[in-house]
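Structural features, examined
The primary structure of each chain is shown beneath.
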Amino acid sequence: MAPYEALYGRKCRTPICCTELSENKMIGPDIVKDTEVKIQIIQKRLKASSDRQKSYADLKRKDIEFQVGDKVFLKVSPWKHILRFRKKGKLSPRFIGPYEILKRVGLVAYQLALPGELARLHDVFHVQQDLSYEEGPISILAREVKQLRNKTVPLKATWEPEEIMKAQYPQLFGSAMMALWPTAGCLSAKLYRHYHQSLIPYEYSNSSRPSSESSLKCCCFKNQIPEQPTQSSHKQAFSILSSDVPWERGSIWSTMGLYMFNLHIPLGIGGLSIVSYIFQQPVLDPETKALGLFIIETLELVGALVLLTKTAKPGYNLTSLFKTNDLAKTRNWPLASVVGLGFLILLVFLTSFLADELIGTKDVNNPILNEILMKSDISKVACILIYCFITPLLEELIYRGFLLGSLASIMTWKQSVFLSSVVFSGAHFSGENCIQLFIIGSVLGCCYCWTGNLSSSLAIHCLYNAITLIITFLS
């Protein structure tokens, strides 16, 4: 009897032969056959797992080749107290070199010309992965310091003689660039870094293995300049809004909430109530309403301008929203305004027609606005200024210039137009006109995305409000 059986009163069960007392015992050949079957299953599963991991690793691998005479760096990862290069601890260098390639050894190994201080190391290294870098000028800088929101950052640049720069990089000295630098004595060259190749130690034999335990990697210089996107690729896109917005991307909705709850709702929605409280009149006469609305809308516009200026990057001017950039010069914003206005009127007419057919005929005239227009010439002028100039400028700055422009930098132009139009429609707090307001916001947003100039959507907004005001006055 086995000691285990004598101690516990039952047979010892192993992973290969797991038996119970009530089961039939397996004889020797059956145990061997069952073991072979389980080993085959384990091997198949290990191979499937290995193949899956290999497929992931192969995606990051590529053939890397060097030429004899290339200069390479060695990436050093020394063990403590074993091997150091000039300095120790945190100040030890990560790269040493460069060293020249003497010859190619096999398919993926190279022999380097190492200096005397590295004589103890084997001079053959194996290619591993893409980790090298290069430096080379790609453009001429006009400024040396970049002004951020809260600090200034000096640009990484070097100063080189103009003759040497012209000889080495003639592509930097085009006609447009020479017009900007007619008498430059030395030019600032912007450098870029591109991580490329690396080498790790070769598989040593016992006789040639170095005495120090260190990890060395190698990287080389290449003469490749990153491909810049051409202007033709930008022309094919519908939206030409810049992704570099003057407002912080993380504070879009906080700035929007600050405008809504501190300016729009108190002034735009409850402004007449403030006027009634000031004049102690429960019911205001039409002329007082017109003048009160004019003052309130002007205050809201001034507050919005101050808010957008304070939250933007230092030195940014809001008039840049109305300027045409290089890509927008190929697109005619006045023509786009005319087409957009016609398309907007057509969509609003179709929407009103469908609403009349489905819901029923409804009086579209605003009796309060009609009463103000009929009161006096002062009320007419105030209404024209409010509806045709102040309100369109305010809403285009907030909902297209700020909100749509900021959203377009973090999502597609279609998503940004849709989201800004929803906010534009909801900000009017008009359930019965929400669909028409959404259509207006969508057309204005698409026009701004296509032209890249806020003047286009502002012109459409002003003309549409003017047409609505004329129809109300004539009716």
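Residues numbered from 1 in each chain as written. Predicted model: local features only at pLDDT ≥ 70, side-chain atom pairs only at ≥ 80, totals over all residues. Heavy atoms only, no water.

1. Section: the overall build of the protein chain
Heads up, the condition is: The secondary structure listing takes helices from DSSP runs of H or I that are at least 4 residues long and strands from runs of E that are at least 2 residues long, numbered from the N terminus. Accessible area is worked out with a 1.4 Å probe on protein chains only. A residue is then buried under 20% of its type maximum, exposed over 50%, and partly exposed in between. In this analysis, two residues are considered to be in contact whenever any of their non-hydrogen atoms come within 4.5 Å of each other. Here the open area of atoms and residues is found with the Shrake-Rupley method and a 1.4 Å probe, where only the protein chains shown may cover a residue.
Regarding its fold elements, the protein chain presents 14 helices and eleven strands. In the protein chain, which comprises 475 residues, the proportion classed as buried is 35%. Contacts in the protein chain between residues far apart in sequence, at least 24 positions, make up 72% of those at least 6 positions apart. Carbon and sulfur atoms make up 60% of the accessible area of the protein chain, which amounts to about 30000 Å² in all.

2. Here's the deal with the pattern of salt bridges
Opposite charge on two side chains permits pairing when their charged atoms draw close. Spelled out, the test is: When a carboxyl oxygen of Asp or Glu is within 4 Å of a side-chain nitrogen of Lys or Arg, the pair counts as a salt bridge.
Inspection of every chain in the model, using the stated rule, returns five salt bridges. Here Lys38 ties to Asp34 by a salt bridge, and the two come within 3.3 Å at their closest N and O atoms. Residue Lys38 and its partner Asp34 are located together in helix 2 (residues 28–58), separated by four residues, close to a single helical turn. In this structure, Lys54 engages Asp58 in a salt bridge whose closest nitrogen and oxygen atoms are separated by 2.9 Å. Separated by four residues within a single helix, Lys54 and Asp58 lie in helix 2, roughly one turn from each other. Asp58 sits in the partly exposed class, given a relative accessible area of 33%.

3. Observations regarding the confidence of the model for the protein chain
As a reminder, the rule being used: You can read pLDDT as the predictor saying how much it trusts each residue, on a scale of 0 to 100.
Chain-level statistics for the protein chain give a pLDDT mean of 76 and a share of 71% at 70 or above. Counting interchain partners and residues more than four positions distant, the pLDDT-below-50 stretch residues 175–236 has 178 contacts.

4. Remarks on the packing of aromatic side chains
Inclusion rule: The pairing test for Phe, Tyr and Trp rings, Trp by its six-membered ring, is centres within 6.5 Å, and the orientation test on the planes gives stacked under 30 degrees, edge-to-face over 60, and tilted for anything in between.
Inspection of the entire model under this criterion finds six aromatic pairs. Residues Phe66 and Tyr110 carry aromatic rings whose centres are separated by 5.2 Å and whose planes lie at 90° to one another, so their mutual orientation is edge-to-face. Remark: Tyr110 occurs in strand 3 (residues 109–112) and Phe66 occurs in the loop between helix 2 and strand 1 (71–78); sequence separation between them is 44 residues. There is no split in this pair, since Phe66 and Tyr110 are both buried. An angle of 80° between the planes, with centres 5.4 Å apart, marks the rings of Tyr399 and Phe424 as edge-to-face. Placement of the pair is Tyr399 in helix 11 (residues 377–407) and Phe424 in helix 12 (residues 413–426), with a sequence separation of 25 residues. An aromatic cluster is built from Trp247, Tyr316 and Phe402, whose rings are joined through pairwise contacts.

5. Let's talk about the side chain of Glu396
What counts here: Polar contacts, as used here, are pairs of N or O atoms within 3.5 Å; protein pairs need one atom able to donate a hydrogen and one able to accept it. Residues neighboring in sequence count only if both atoms are side-chain atoms.
Summarising the element assignment, Glu396 is placed in helix 11. Only 2.8 Å separates the side chain of Glu396 from the side chain of Ser457, close enough to count as a polar contact. The contact partners of Glu396, leaving out residues within four places of it in the chain, are Gly401, Leu444, Leu454, Ser457, Leu458 and His461.

6. Examining helix 7 (residues 271–279)
For clarity, the threshold we go by: Each C-beta atom gives one direction from the helix axis, and the arc is the one those directions make.
Considered for burial, the residues of helix 7 that qualify are Gly271, Val275 and Ser276. Projected onto a plane normal to the axis of helix 7, the buried residues spread over an arc of 140° and lie on a single side. Exposed residues lying more than 90 degrees from the buried face of helix 7 are Ser273 and Tyr277. Buried residues belonging to helix 7 abut helix 6 (252–269) and helix 8 (286–311).

7. Focus: helix 6
We count it as follows: The length a helix should cover is 1.5 Å for every residue beyond the first. To get the bend at a given residue, fit one axis to the seven residues ending there, fit another to the seven starting there, and take the angle between those axes.
Compared with an ideal rise of 1.5 Å per residue, which puts 18 residues at 26 Å, helix 6 spans 22 Å between its outermost C-alpha atoms and falls more than 12% short. Of all the bends in helix 6, the largest measures some 40° and sits at Met260. Looking at helix 6, one finds that the buried residues are Ile252, Thr255, Met256, Tyr259, Met260, Leu263, His264 and Leu267. Those residues of helix 6 that are buried are in contact with helix 7, helix 8, helix 11 and helix 12.

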